[in-house]
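# Structural description and commentary
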Amino acid sequence: MANTKVDFTALIPYLPKGSYNPVLQHIIANKIQLTITKSRASILGNYRHAHNNLGHRISVNGDLNMYSFLITLLHEIAHLTTFEQYKNKVQAHGKEWKKNFSEILKEF
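Residues numbered from 1 in each chain as written. Predicted model: local features only at pLDDT ≥ 70, side-chain atom pairs only at ≥ 80, totals over all residues. Heavy atoms only, no water.

## A word on the sheet that holds strand E3 (residues 56-61)
- With mixed pairing, three strands are arranged side by side in an open sheet as E1-E3-E2. A strand with exactly one partner marks an edge of an open sheet, and here the two such strands are strand E1 (32-37) and strand E2 (45-48). Along the sheet, successive strands turn relative to each other by an average axial angle of 15 degrees, direction set aside.
- Where E1 lies against E3, six bridges are found, and the strand directions are parallel. Note that in E3 the partner of isoleucine 36 across the bridge is valine 60.
- Sheet strands touched by helix H2 (residues 66-86): E1, E2 and E3. Its angle to E3, the strand with the most contacts, is close to 160 degrees. (Pairing = 2+ DSSP bridges. Helix = DSSP H or I, 4+ residues; strand = E, 2+ residues; numbered from the N terminus. Axes fitted to C-alpha atoms, helices over the stretch in contact; angles between N-to-C directions. Contact = heavy atoms within 4.5 Å.)

## Digging into the side chain of arginine 57
- For arginine 57, the position within the fold is in strand E3.
- No salt bridge is formed by the buried arginine 57. Its closest oppositely charged neighbour is glutamate 84, at 11 Å.
- Reaching out from arginine 57, the side chain makes a polar contact with the side chain of histidine 51 at a distance of 3.4 Å.
- Leaving out residues up to four positions away in the same chain, arginine 57 has contacts with Gln33, Asn46, Tyr47, Arg48, His49 and His51. (Buried < 20%, exposed > 50% of the residue type's maximum accessible area, 1.4 Å probe, protein only. Lys, Arg positive; Asp, Glu negative; His and termini not counted. Salt bridge = Lys/Arg side-chain N within 4 Å of Asp/Glu carboxyl O. Polar contact = N/O pair within 3.5 Å; in protein donor to acceptor, adjacent residues only side chain to side chain.)

Structure (structure tokens):
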């Protein structure tokens, strides 16, 4: 499959000032396929781990204010980080995830 050039600047309006570059670093480093979705009543975001030649996939509701969008995106990146370290051997919001989420939040 050919490489596709993606214009990540479309993400800028969804993020608070100063957070674009650190977020972009996470997206690129983890090869995240990010989808901005319409409003979903039951969830604000979702993470699906890489499998069957599909990369890491994160979706975030596009109707969130920029701070909620950022926190939700970072929440899902923490799930990715935790999955990479422990696979499915720890609780979704267990101490391992909380530690990873805390470390990611410190960057912002």
